[in-house]
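# Summary of structural features
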Amino acid sequence: MIKKIFFDFDGVLTTDKTGSETHSKYFSQKIGVNAQELLSKVKQYDGEIDAGKISIKDVWESICKEAKIEFNPNWLKEAFISTPIDERMLEYARQLKDKYSVGIITDNSTERMNVIMEQNKGFNIFDTIIISEDVKCTKEGTEIFEITTQRANVNAEECIFIDNKQKNVDTAKKVGFIGVYFDDKKRDYDNLFKIIDKIIKTK
């Protein structure tokens, strides 16, 4: 029996593939550097940021310094707020909430997620939010999924996990989650909803 449905954040509940993509677009406008160039720079630090080994503020401050632009701390919060939320997916999670517990498992900065949650009250529907920086591990390994089941007080077999990276889906499956891949380019909502509905009915 399915008890909990978890969503990835960037690429699933947002329309940008990653947070780094969102931030690069924002900072490109502020410091006049091509967004793709910025993305290639910040992606080098994604793993360390997500695991809490380096501050996202320090990374963008360093990138601004390299561009000979004085870093404005307010820019970071504004970059977080600029995150494009996928309202259709959020509404789907809200509909599921009528019968199931819903949550988020994300490789992300705690500061960023806190700002986004504060700005978007619609995220109050999620009762378990696991942020990689908080737990000091990412979806590169199974530990974050094991922590999730402990905190949500469920068995992995009772959980569906939706992610836009197949490798993350595969890692979740190793723990026992029912993993579902969502193509963030096609964004085929109807197909995803059918898959989830079928899983729920067969479990």
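Everything here concerns the structure above.
So, a few notes on the structure that sits alongside this text. (Residues numbered from 1 in each chain as written. Predicted model: local features only at pLDDT ≥ 70, side-chain atom pairs only at ≥ 80, totals over all residues. Heavy atoms only, no water.)

### Considering the overall build of the protein
- Along the backbone of the protein there are 11 helices and five strands.
- What you see for the protein is a C-alpha radius of gyration of 17 Å, in line with the 17 Å of a compact globule of 203 residues.
- Taken over the C-alpha atoms alone, the protein extends approximately 55 × 30 × 25 Å along its principal axes.
- Counting all 203 residues of the protein, 53% fall into the buried class.
- Partitioning the contacts of the protein with sequence separation of at least 6, the portion at a separation of at least 24 is 68%.
- In the structure as shown, the protein presents an accessible area of about 10100 Å², 44% of it carried by carbon and sulfur atoms.
- Seen as two clouds, the 32 positive and the 35 negative side-chain charges of the protein have centres 3 Å apart. (Helix = DSSP H or I, 4+ residues; strand = E, 2+ residues; numbered from the N terminus. Rg over C-alpha atoms; globule rule 2.2 N^0.38 Å. Buried < 20%, exposed > 50% of the residue type's maximum accessible area, 1.4 Å probe, protein only. Contact = heavy atoms within 4.5 Å. Areas by Shrake-Rupley, 256 points an atom, 1.4 Å probe, with all protein chains shown as cover. Lys, Arg positive; Asp, Glu negative; His and termini not counted. Charge placed at Lys NZ, Arg CZ, Asp CG, Glu CD.)

### Quick notes on the packing of helix α1 (residues 19-31) against helix α2 (residues 35-42)
- As a packed pair, α1 and α2 sit with axes 8 Å apart at the nearest point and diverge in direction by 130°. It follows that α1 is oblique to α2 by the angle criterion. For α1 against α2, the interelement crossing comes out right-handed. For the pair formed by α1 and α2, the contact residues are Ser20, Glu21, Ser24, Lys25, Phe27, Ser28 and Ile31 on the first element and Ala35, Leu38, Leu39 and Val42 on the second. (Axes fitted to C-alpha atoms, helices over the stretch in contact; angles between N-to-C directions. Parallel < 35°, antiparallel > 145°, perpendicular 65-115°, else oblique. Left-handed = near helix turned anticlockwise from the far one by under 90°.)

### Things to note about α2
- Within the span of α2, buried status applies to Leu38, Leu39 and Val42. For α2, the angular spread of the buried residues around the axis is 100°, confining them to a single face.
- The secondary structure elements touched by the buried residues of α2 are α1, α3 (46-50) and α4 (56-66).
- N-capping of α2 is provided by Asn34, with a side-chain oxygen placed 2.8 Å from the backbone N of Gln36. (Arc of directions from axis to C-beta. Polar contact = N/O pair within 3.5 Å; in protein donor to acceptor, adjacent residues only side chain to side chain.)

### With respect to the sheet that holds strand β2 (residues 101-106)
- The parallel open sheet is built from five strands, whose spatial order is β3-β2-β1-β4-β5. In this open sheet, the two edge strands, each paired with only one partner strand, are β3 (128-131) and β5 (178-181). Mean inter-strand twist for the sheet, computed between neighbouring axes without regard to direction, equals 20°.
- Sitting on the sheet, helix α10 (residues 166-175) touches β4 (159-163) and β5, and the angle it makes with β5 is about 170°. (Pairing = 2+ DSSP bridges.)

### A closer look at the environment of Val175
- Mapped onto the elements, Val175 comes out in helix α10.
- Expressed as a C-alpha distance, the spacing of Val175 and Asn34, which sit 141 residues apart in the sequence, is 40 Å.
- Non-local contacts of Val175, meaning those with residues more than four positions away in its chain, are made with Thr142, Phe145, Glu146, Ala156 and Glu157.

### With respect to the pairing of β5
- Relative to β5, β4 is paired through four bridges, and the arrangement is parallel. Of the residues in β5, the one forming a bridge with Ile160 is Ile178.
- The parallel pair β4 and β5, bridged by α10, forms a crossover whose chirality is right-handed. (Right-handed = clockwise from strand over helix to strand, strands pointing away.)

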